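Chain by chain, the residues:
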Amino acid sequence: MIDDIPAEAAGFVVRQVGGLAVDLTVKQIFSRHSARFFHGVGRRAVAVSTLGAKRIPSSLRIMPEGSRAKPRRSDWLALWIGVLVWIALFLSLGAGVSHFL
């Protein structure tokens, strides 16, 4: 019973830190500038993978003061493709470079 206290405390800390990391990551991805970056990566990835047959239009439009942008389905698709491409890029770089370490 007393032996389980450090394990439970460590598990609690790991869950809290993991949750904080996920919250910060999601907040960063969907922040204004990061979202534009990942959207651009996704747009270009779709264009390259389809050899230019499919293109997602740019959503870098100016919104009037006080109004909110209404993202389309293609905007969300480009954002998530951009995030996944970026993750895949870093995983492949990590796997490729770790061979030399």
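The following refers to the structure shown.

### Quick look at the packing of aromatic side chains
Next, step 1: Inspection of the entire model under this criterion finds three aromatic pairs.
Next, step 2: Both rings, one in F37 and one in W86, keep their centres 5.0 Å apart while their planes meet at 90°; by these two values the pair is edge-to-face. Taken as a pair, F37 in helix 2 (residues 32-49) and W86 in helix 3 (residues 73-98) lie far apart in primary sequence, 49 residues in all.
Next, step 3: Note on F37: relative accessible area 39%, which makes it partly exposed.
Next, step 4: Seen in terms of ring centroids, W86 and F90 are 5.5 Å apart; in terms of plane orientation they differ by 65°. Their pairing is edge-to-face. In this pair, W86 and F90 are both assigned in helix 3, four residues apart and thus about one turn of the helix distant.
Next, step 5: By relative accessible area, F90 is classed as partly exposed at 47%.

### Quick look at the side chain of H39
Next, step 1: Within the fold, H39 resides in helix 2.
Next, step 2: On the basis of relative accessible area, H39 is assigned to the buried category, the value being 7%.

The rules we used
- Sequence order sets the numbering: in each chain, residues are counted from 1 along the sequence as written.
- In keeping with the model being predicted, local features are shown solely for residues with a pLDDT of at least 70 and side-chain atom pairs are shown and tallied solely at 80 or more, while totals for entire chains, interfaces and linings include all residues.
- Note that water and hydrogens are dropped before the side-chain values are worked out from all heavy atoms of the structure.
- Pairing of aromatic side chains here covers Phe, Tyr and the six-membered ring of Trp, requires ring centres within 6.5 Å, and sorts the geometry by plane angle: under 30 degrees stacked, over 60 edge-to-face, intermediate tilted.
- Numbered from the N terminus, helices here are DSSP runs of H or I no shorter than four residues, and strands are runs of E no shorter than two.
- Under the scheme applied here, a residue whose accessible area is under 20% of the maximum for its type counts as buried, over 50% as exposed, and between as partly exposed, the area being computed with a 1.4 Å probe on protein chains only.

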